[in-house]
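Letter by letter, the chains look like this.
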Protein chains: 2
Amino acid sequence: MPREITAYSNPLVKRVRNLREKRHRREEGLFLAEGLRILAEAQEAGHLPQWIFYAADSAGHPLVRRLVAATEKAGGEAIETTRDILHKLSGKDNPQTVLGVYRQFDTSLARIDRAAAGIWIVAQSLRDPGNLGTILRTGDAVGAGGLILVDDCVDPFSVEAVRATMGALFTQRIAQARWEDFLPWLRAGPGQLVGTSLKATGSYRAPRYEAPTFLLVGNEAQGLPEAYEAECDLLVKIPMLGKADSLNAAVATAVIAYEVLGQRS
Amino acid sequence: MPREITAYSNPLVKRVRNLREKRHRREEGLFLAEGLRILAEAQEAGHLPQWIFYAADSAGHPLVRRLVAATEKAGGEAIETTRDILHKLSGKDNPQTVLGVYRQFDTSLARIDRAAAGIWIVAQSLRDPGNLGTILRTGDAVGAGGLILVDDCVDPFSVEAVRATMGALFTQRIAQARWEDFLPWLRAGPGQLVGTSLKATGSYRAPRYEAPTFLLVGNEAQGLPEAYEAECDLLVKIPMLGKADSLNAAVATAVIAYEVLGQRS
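Bear in mind the structure is a predicted one, so any value in this text is a computation, not a measurement.

Novice: Would you mind showing me how to read the pairing of strand 3 (residues 51-55) of chain B here?
Specialist: On any regular strand, side chains alternate: one points to one face of the sheet, the next to the other face. Residue and element names in this part refer to chain B. Taking burial as the measure, the five residues of strand 3 include five buried ones, the bulk of the element. Burial along strand 3 is two-sided: Trp51, Phe53 and Ala55 and Ile52 and Tyr54, pointing in opposite directions, are all buried. Relative to strand 4 (residues 77-81), strand 3 is paired through five bridges, and the arrangement is parallel. Paired with Trp51 across the two strands is Glu77, which belongs to strand 4. Taking the sense of rotation as the criterion, the β-α-β connection linking strand 3, helix 4 (residues 62-73) and strand 4 turns out right-handed. Where strand 3 lies against strand 5 (residues 98-103), four bridges are found, and the strand directions are antiparallel. Within strand 5, the position partnered with Phe53 by the bridge is Leu99.

And the structure:
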């Protein structure tokens, strides 16, 4: 039976609103996802929210009804509320009509089964939530197993990142690790570590990529640290014919990931 | 001799600040670009600002001095100002130390010389300034001649778009046109119009692309209208192995543009 909340001062409203801050997300182990489409994709991938908030005027929508029923059946709580409160929770001027509060996934490396896919994407100190989202969507498209975030990356559970993944957050596996932990994990099994570097001599189209390929992309502004490049099994370069000296990080990832995929099909 | 402006109420400050709105940009025929790096790239590409604003404490920076001298020599005006006013002009919490006000380029199709490059990118109803910037950077990297914006695209002279191009705005040719005008222009000369479509049967890796290739990408949410697809000489598909049904528009552009480039080198 859905609960109704219409007061800004409601403690749950405050608690959920706080999830827009990383500190609170970490303390609670929760995060926000907005929009019917993302929540439906989450459900399809087996994820149901702890709480689902929806605007009273969308209670009759069949997808909302289905999500509410599934959430309650799984022990979560459904909350009928106002557009104003959804606005307050999401921080957006035109909030989506549904919003879910999810438990964060376990992002330890131990949960990655490298044999499950022929491509994995590894991002180092990736800072932009839009890039994280775009890279996850690209990973989904090329059949990657998931995304391994190395060192100080943007929080994949931030509202902006979740939004940018457009649902891929729930379908792609995500891990977080320090480089010192990632490297021994990688070397404990099969895997070709491929770095993108302006210093590389060979084009990304020349080599044969070996599965599982771990495609390593560096920070948006700095690229990969030299010490990390030195650990790669292969360094490849994307030709740059113009004046600029770098591509967008998500674009660079996609160009190489699609070359790997193209070689295999 | 640089003028000094320290008052918020200065009419030029108001006028420049207004350039963050499209209406004022169109009326004035001007736009804003921020940051030493972008202004230096603009200069290299032959563009100097009408006004250059810089923070008094960065007046001694050699690049700032060079830009100021070149701007004044070309008939523009240099204005020494405060960080607070730069903040007010840029709308950013941490404003860059220099900001230039440039005359908008002529973006008519007539100025496009299709023979100048083997690839041109054509974006239809592209709405996101970040995508526009990323696509321009990609165009620069693959040696494209420029970007043709068809129908209602984001304003390439908006502060967000200029920022996202990271200087490529000044090195890539940009045109704006309605589809009804673009199509006859295209057909009046050589050119292969290649559309990306989920309905296409062939992979983007299969065909031989003919120069000049006009790579047509659709709106972020809707893709290309059917009538536009019907006008293409070739429709290609990027394989999508996952759950999601679309790639980011800039990613899709880059994947195909690099295939075209790869075939030619």
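Novice: Whenever I open this one, the state of the cysteines confuses me. Can you help?
Specialist: Residue and element names in this part refer to chain B. Counted according to the given criterion, the structure contains zero disulfides over all chains. Free of any disulfide, Cys232 has its nearest neighbouring cysteine sulfur in Cys153, separated by 15 Å. Overall, the relative accessible area of 13% leaves Cys232 in the buried class.

Novice: Which parts of the structure should I look at to understand the domain arrangement of chain A?
Specialist: Residue and element names in this part refer to chain A. In terms of domain boundaries, chain A breaks down into domain 1 (3-103) and domain 2 (109-264). The C-alpha centroid of domain 2 is placed 31 Å from the C-alpha centroid of domain 1. Taken residue by residue, the interface counts 15 residues in domain 1 and eleven residues in domain 2. Regarding the contact of domain 1 and domain 2, the summed buried area is about 1200 Å², with carbon and sulfur atoms giving 65% of it.

Novice: In this structure, what is going on with the packing of aromatic side chains? I would like to understand it.
Specialist: Here the distance between the centres and the angle between the planes together describe a pair of aromatic rings. Residues and elements named next belong to chain A. On inspection of all chains with the given rule, the structure shows 26 aromatic pairs over all chains. Ring centres 5.5 Å apart and planes at 75° place the aromatic pair Phe105 and Phe157 in the edge-to-face group. Of this pair, Phe105 sits in the loop between strand 5 (98-103) and strand 6 (119-124) while Phe157 sits in the loop between strand 7 (146-150) and helix 7 (159-165), and the two are 52 residues apart along the sequence. An aromatic cluster of three or more residues is present, and its members are Trp120, Trp179, Phe182, Trp185, Phe214 and Tyr228. In this structure, Arg114 packs its charged tip against the face of Trp185, placed 4.3 Å from the ring centre.

Novice: Hey, could you run me through the interface of chain B and chain A in this one?
Specialist: Quite often, the size of an interface is put as the accessible area lost when its parts meet. Counting residues at the interface gives 31 residues for chain B and 31 residues for chain A. The largest contributions to the chain B side of the interface with chain A come from Arg137, Arg205 and Tyr258 of chain B, which together make up 22% of the buried area. At the boundary of chain B and chain A, one finds four salt bridges. Residue Arg37 of chain B is joined to Asp245 of chain A by a salt bridge in which the shortest nitrogen-to-oxygen separation is 3.1 Å. The interface formed by chain B and chain A holds 18 residue pairs in polar contact (both at pLDDT 80 or more) in total. For the side of chain B that touches chain A, the elements supplying multiple residues, two or more each, are helix 6 (129-142) and helix 11 (249-264) of chain B. Of the residues forming the side of chain B that touches chain A, the biggest block, nine residues, is contributed by helix 11 of chain B. Broken down by class, the residue content of the side of chain B that touches chain A amounts to 15 nonpolar, nine polar and seven charged.

Novice: For this particular structure, what's the right way to read the sheet that holds strand 10 (residues 213-217) of chain B?
Specialist: Whenever strands of a sheet pair, they do so through backbone hydrogen bonds, lying parallel or antiparallel. Residues and elements named next belong to chain B. Strand order across the open sheet formed by six strands is 8-7-6-10-9-11, with parallel pairing between neighbours. Where the open sheet ends on each side, the last strands, each with one partner, are strand 8 (173-177) and strand 11 (234-236). Mean inter-strand twist for the sheet, computed between neighbouring axes without regard to direction, equals 25°. Bridge analysis of strand 9 (residues 192-196) against strand 11 gives three bridges, and the strand direction is parallel. Paired with Val194 across the two strands is Leu234, which belongs to strand 11. Contacts between helix 6 and the sheet are confined to strand 6 (119-124), strand 7 (146-150) and strand 8, with strand 7 contributing the most and set at about 145° to the helix. Along the sheet, helix 11 makes contact with strand 6, strand 9, strand 10 and strand 11, crossing strand 10 at roughly 165°.

Novice: How should I be thinking about the relation of the copies chain B and chain A in this particular structure?
Specialist: Note: a rotation about an axis with an accompanying shift along it relates these two copies of the chain. Between chain B and chain A, which share one sequence, the superposing operator has a rotation angle of 180° and an axial displacement of 0.0 Å; the RMSD is 0.0 Å. The symmetry that links the two subunits is that of a two-fold axis. Of the interface residues in chain B, 100% have counterparts in chain A that sit at the interface too, so the contact is made through matching surfaces.

Novice: Explanation requested: the nonpolar core in the structure shown.
Specialist: Taken as a class, soluble globular proteins show a tendency for nonpolar side chains to be buried jointly. Of all hydrophobic cores here, the largest spans 41 residues; its most connected members are Tyr258 of chain A together with Tyr258 of chain B. Elements that contribute at least two residues to this core include exactly helix 11 (249-264) of chain A together with helix 6, strand 11 and helix 11 of chain B. When sequence neighbours within four positions are dropped, the list of residues in contact with Tyr258 of chain B reads Tyr204, Arg205, Ile238, Pro239, Met240, Leu247 and Val255 of chain A together with Ala141 and Val142 of chain B.

Novice: Explanation requested: unusual backbone geometry in the structure shown.
Specialist: As a rule of thumb, non-glycine residues mostly have phi less than zero, and peptide bonds are mostly trans rather than cis. Here Ala211 of chain A and Pro212 of chain A are connected by a cis peptide whose omega angle stands at -5°. Among the secondary structure elements, Pro212 of chain A is positioned in the loop between strand 9 (192-196) and strand 10 (213-217). For Asp151 of chain A, which is not a glycine, the phi torsion comes out positive at approximately 65°. By the element assignment, Asp151 of chain A lies in the loop between strand 7 and helix 7. With phi around 50°, Met166 of chain B is a residue other than glycine that occupies positive phi space. You can see Met166 of chain B is positioned in the loop between helix 7 (159-165) and helix 8 (168-171).

Novice: Would you mind showing me how to read the pairing of strand 2 (residues 30-34) of chain B here?
Specialist: Residue and element names in this part refer to chain B. Most of strand 2 is tucked away, with five of its five residues classed as buried. By the alternation rule, side chains of strand 2 split into Leu30, Leu32 and Glu34 and Phe31 and Ala33, which are all buried. Where strand 2 meets strand 5, five bridges bridge the pair, whose relative direction is antiparallel. Its bridge partner lying in strand 5, Leu32 is registered against Val101.

Novice: Teacher, can you tell me more about the sheet that holds strand 7 of chain A here?
Specialist: Residues and elements named next belong to chain A. What the six strands build is an open sheet, ordered 8-7-6-10-9-11; its pairing is parallel. Edge positions in the sheet fall to strand 8 (173-177) and strand 11 (234-236), since each of these pairs with one other strand and no more. For this sheet, the mean inter-axis angle between neighbouring strands, taken without regard to orientation, is 25°. The strands touched by helix 11 are strand 6, strand 9, strand 10 and strand 11; relative to strand 10, the strand with the most contacts, the crossing angle is about 165°.

What counts, and at which threshold
Counting from 1, residues in each chain are numbered in the order their sequence is written. The order in which chains are written sets their letters, starting at A; the order in which ligands are written sets their numbers, starting at 1. In keeping with the predicted nature of the model, local features appear solely for residues at pLDDT of at least 70, side-chain atom pairs appear and are counted solely at 80 or more, and the whole-chain, interface and lining totals rest on all residues. To get the side-chain values, take all heavy atoms of the structure and skip hydrogens and water. Residue burial is assigned from relative accessible area. The probe radius is 1.4 Å, only protein chains are included, and a residue is buried under 20% of its type maximum, exposed over 50%, and partly exposed in between. Per the convention used, a helix needs a DSSP run of H or I reaching at least four residues, while a strand needs a run of E reaching at least two, with both numbered from the N terminus. Strands are treated as partners if at least two bridges between them are detected by DSSP. Orient the strands so they point away from the viewer, and a crossover whose first-strand-to-second-strand path over the helix runs clockwise is right-handed. We call a pair of cysteine sulfur atoms a disulfide when they lie within 2.5 Å. Segmentation of the chain into domains, including their bounds, is taken from an automatic or database domain assignment. Any two residues whose heavy atoms approach within 4.5 Å are treated as being in contact. Throughout, buried area stands for the accessible area (probe radius 1.4 Å) lost by two parts on being put together, summed over both. Aromatic rings from Phe, Tyr and Trp, taking only the six-membered ring of Trp, are treated as a pair when their centres fall within 6.5 Å; an angle between ring planes under 30 degrees marks them as stacked, one over 60 as edge-to-face, and anything in between as tilted. Distance and angle both matter: a charge sits over a ring if NZ of Lys or CZ of Arg is within 6 Å of the ring centre and within 35 degrees of the ring normal. Each salt bridge in this description consists of a side-chain nitrogen of Lys or Arg and a carboxyl oxygen of Asp or Glu lying within 4 Å of one another. Pairs of N or O atoms are called polar contacts if they sit within 3.5 Å, as long as, within protein, a hydrogen donor faces a hydrogen acceptor (for residues adjacent in sequence, only side-chain-to-side-chain pairs). Think of it as three bins: nonpolar holds Ala, Val, Leu, Ile, Met, Phe, Trp, Tyr, Cys and Pro, charged holds Asp, Glu, Lys and Arg, and polar takes everything else, Gly as well. Convention adopted: a line fitted to C-alpha atoms gives each axis, helices being fitted over their contacting stretch, and angles between N-to-C directions are expressed from 0 to 180 degrees. Copy-to-copy alignment: least squares on C-alpha atoms, limited to residues at pLDDT 70 or above in both. Definition used in this section: a nonpolar core is a set of buried Ala, Val, Leu, Ile, Met, Phe, Trp, Tyr and Cys residues joined via side-chain atoms within 4.5 Å.

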